[in-house]
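Here is how the chains run, residue by residue.
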Amino acid sequence: MKLVVVESPAKAKTIEKYLGPGHRVLASYGHVRDLPAKDGSVDPDNGFAMEWESYADKAKQLKAIADEAKSADTLILATDPDREGEAISWHVQEVLRKRKALPKDVQRVTFNAITKAAVLEAMANPRALDEDLIDAYRARRALDYLVGFTLSPVLWRKLPGAKSAGRVQSVALRLVVDREREIEIFRPQEYWSVTADMEHDGIPFVARLSRWKGQKIDRLTIGNGGDAAAARADVEAGRFSVATIETRPLSRNPPAPFTTSTLQQEAARKLGFSASHTMRIAQALYEDGAITYMRTDGVQMDGSAISAARGAIASRYDASYVPDKPRQYVAKAKNAQEAHEAIRPTDFSKDRAGGGDHARLYDLIFKRALASQMASARLERTTADMVDGTGQHALRATGQVVLFPGYLALYEEGRDDEGDEESRRLPRMKEGDAPAKKKVDSEQHFTQPPPRYSEASLVKKMEELGIGRPSTYASILQTLKDRDYVTVEKNRFTPNESGRLVTSFLERFFERYVSYDYTAGLEESLDDVSGGRAGWQAVLEAFWKDFKPKTAEVMEQKPSDVTKALDAFLAPYLFPDKGDGTDPRLCPVCAEGSLSLRGGKFGAFIACSNYPECKYTRRFAQAGGDGDGADAGPVILGTDPETGLEVSKRAGRFGPYVQLGDGKDAKRGSIPKDVPAEDLDLAMALKLVSLPRTVGLHPETGQPITASIGRYGPYLLHDGKYGRLTSTAEVFEVGMNAAVVKLAEAAAGAGQRRGAAEPLKTFGESPVTGKEVKLMAGRFGPYVTDGETNATLPKTANPDEMTVEAALELLAARAAKGPAKGKKGAKKAPAAKKAPAAKKAPAKKAAPKKAK
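Source: prediction; values computed, not measured.

Even after reading the chapter, I still don't get unusual backbone geometry, so can you show me in this structure?
Leave glycine aside and you will find that most residues have negative phi; peptide bonds, for their part, are mostly trans. Backbone torsion omega between tyrosine 611 and proline 612 reads 10°, so that peptide bond is classified as cis. Mapped onto the fold, proline 612 is located in the loop between strand S19 (603-608) and strand S20 (617-619). Cis geometry marks the peptide bond from leucine 691 to proline 692; its omega dihedral reads 5°. Unusually for a residue other than glycine, tyrosine 29 sits at a positive phi of about 60°. Turning to its location among the elements, tyrosine 29 is positioned in the loop between strand S2 (23-27) and strand S3 (33-34). Phi at lysine 100 is positive, roughly 55°, even though this residue is not glycine. With respect to the helices and strands, the residue lysine 100 is situated in the loop between helix H3 (83-98) and strand S8 (105-108). For lysine 100, a relative accessible area of 77% translates into the label exposed.

What am I meant to see in the sheet that holds strand S7 (residues 74-77) here?
In a beta sheet, neighbouring strands are held together by backbone hydrogen bonds and run either parallel or antiparallel to one another. With parallel pairing, four strands are arranged side by side in an open sheet as S2-S1-S7-S8. Two strands lie at the open edges of the sheet, namely S2 and S8, each paired on one side alone. Averaged over all pairs of adjacent strands, the angle between their axes in this sheet comes to 20°, without regard to strand direction. Contacting strand S1 (2-6) and S2, helix H1 (residues 9-19) runs over the sheet at an angle of about 170° to S2. Set on the sheet, helix H2 (residues 59-70) makes contact with S1 and S2; between it and S2 the angle comes to about 160°.

Got a minute to help me understand the packing of aromatic side chains in this structure?
For any pair of aromatic rings, the description consists of the separation of the ring centres together with the inter-plane angle of the planes. Going through the model one piece at a time under the given rule, you end up with 17 aromatic pairs. Each ring, one from tyrosine 513 and one from tyrosine 518, has its centre 5.4 Å from the other, and the planes form 85°; the classification is edge-to-face. The residues tyrosine 513 and tyrosine 518 share a single accessibility class, namely buried. By way of ring pairs, the aromatic residues Phe505, Phe509, Phe510, Tyr513, Tyr518, Phe543, Trp544 and Phe547 are connected into one cluster. Against the face of tyrosine 453 rests arginine 179, its NZ or CZ located 4.3 Å from the ring centre.

Would you mind going over the pairing of strand S17 (residues 492-495) with me for this structure?
On a regular strand, each side chain points to the face opposite its neighbour's, so the side chains alternate between the two faces of the sheet. Of the two faces of S17, only one is covered, namely that formed by Phe493 and Pro495; the face formed by Arg492 and Thr494 stays uncovered. Where strand S16 (residues 486-489) lies against S17, four bridges are found, and the strand directions are antiparallel. The residue of S17 that forms the bridge with threonine 487 is threonine 494. Counting the residues between successive antiparallel strands, the hairpin from S16 to S17 contains two residues, one of them, lysine 490, with a positive phi of roughly 50°.

Each value, and the rule that gives it
Residues numbered from 1 in each chain as written. Predicted model: local features only at pLDDT ≥ 70, side-chain atom pairs only at ≥ 80, totals over all residues. Heavy atoms only, no water. Helix = DSSP H or I, 4+ residues; strand = E, 2+ residues; numbered from the N terminus. Buried < 20%, exposed > 50% of the residue type's maximum accessible area, 1.4 Å probe, protein only. Pairing = 2+ DSSP bridges. Axes fitted to C-alpha atoms, helices over the stretch in contact; angles between N-to-C directions. Contact = heavy atoms within 4.5 Å. Phe/Tyr/Trp six-rings, centres within 6.5 Å; stacked < 30°, edge-to-face > 60°. Lys NZ or Arg CZ within 6 Å of the ring centre and 35° of its normal.

By themselves, these are just geometric observations and shouldn't be taken as functional.
Spelled out as structure tokens, the structure:
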């Protein structure tokens, strides 16, 4: 018997069908072990020896693999065809070796697509494990561990509020912070455009001023309203005729099929997917056999796939859409390895796969791959120059016409920041024609700062710089979000205070290790390990000999010295020159003290040197100004007429709030974001500190209904049930009738979510539980149930085609995994009833010891 090990159960099920009798296919469920999260897991003094530890939640899978391996003649490691896949195979082999369950014959096979032909061909051509790829994995894992476990403690001790640093994560964060700095120092420049609405042969078009008073007009030439008005008047007074017509043919070639990074970029632009969501969906499509492997930087397709694509194009369109020769592509990305094919469909006759987001992503992959082998688009660009009678003023109109769409008939690549394509259509004109001038406009504009990074543009930038690798982009961006170093609004990254401070700290004390060139160079060294051109321990040694002394040097510094150094490093940003000769550090409140950076329990802030006499502070990330982040101490709003206590506005860690009285018994209320500063008077403050407000007693239950503001916004509460309100004003205005209706609507919505729904399909009685097997619609997609076990359908499965055999197979596979994590508590409950309280105490004490 041959034991085949893959990563996922979906992959295992498909491959077992292809291989048939004599094979047992089991899933490892991803990585089975890792470096323990403790000091000493990597020992630089002992050749960077690593201490590996199996994941606790993989014990069941490892036992099943070991039990089968003991009776197997051959172990076939069939994990993904990349460095991570090679590492998983190596880990499985080493675990079996330690358990003395490793068969004598160990084979490694890889396939780029989970199709029967690809799998059988791979099985017929096994190889040994690739030691270079395994070494590269060990080098990367050790590097990431050493950076994290050496640098993060420095951050925790010297920079309160910082959470972690990472080898690539910190460099990606620096990109976001650097872009924000560019935006902040940007000074908009005024400019004006002058355009004329024209018409010829009944076809309207727009022309722009291209020459005025004999001078060529560029975008910034007209810099004020006066000149714009004068230019507009000259255009209005002139009679313009066509002086020259230039028609130029253009050709646009299709883009290459997707790599990992270009798929992430295009899915973000066109589908609004995050990088991590894109990779989850692509993984499911790959495991279902719909697409080739999705972690790749290669842009070429297999010869048979190119032939299939050309055949599909010929069947969809006429022969003119198929180029004479197949298209060949070469990667432009820095450090591209091109070890695998580009991402493409496994079957070009199949233009749909799955449903929902899976269908949308597959459609994108299918169209991009097919378009990559289509004919170029042919266009015609026309430019018409019109001059007035004096010859001093000229207008220009540009248009574009598609003569033959080619690949554009199927697919057009998205853009991060759309520009003026000047693709307007022009009427046919000849020299001497005098188009009618209908209207002349002058419009004011201002130059714009560079845009903040989107997920697509940040991935693109990292790829251009050679930072990170395709398989890491999604996790890097997710880490920045999870650490709260960035905020994502309208799909654009903005650095938070903690992110800016960490970046500043690393630039000041570890500049080399967050530099773009150094990080890219380190990636090249790791690629040399993958290619067998460098030893993994030598790469680690070269890094560690400089990095370790640097961290020790910074660790010896006092936190106050670190803050002082950061204060000087950040002075141009925190205290920019005001341009009037005044001291930018002068306190705006007491006009005597000097402002400087301070470190606090919850992070850095700016404070006056005259503290405690002067309590002026402002947030760290508020560059050089006062604004909303400044706090000069409590602002007295007035006195409560009922209690005689002072009501004040204050700034806290979680934002501004109002307070009634002083001391620990004082009442406080957060100031909601939808309450404008000008509306925050004594009356509003008293309303906020009086919450929750009692609306009245519910007419059916007699229980009170209250309105208040919580973590997630304004809400109603009645008998433990909640209803959402739309604004702060509604908290104080909602009446009984409206409150009852909103609570009823909220209860109805919850009931629809929780209530027993009708099955989509029934399959009869289960041979295991004796209960009816049903196909249901669930919160996370369709699933099958036998009354005791629920099994979610694979993302790419069609619910309409579900059979009783397939349903029972899914339920059996789910039951074999054991109970879900969330059900552990239910199992513990009976034990708690049987055991007396006294016997439970030792068990609770033992738990922490285990975790240490």
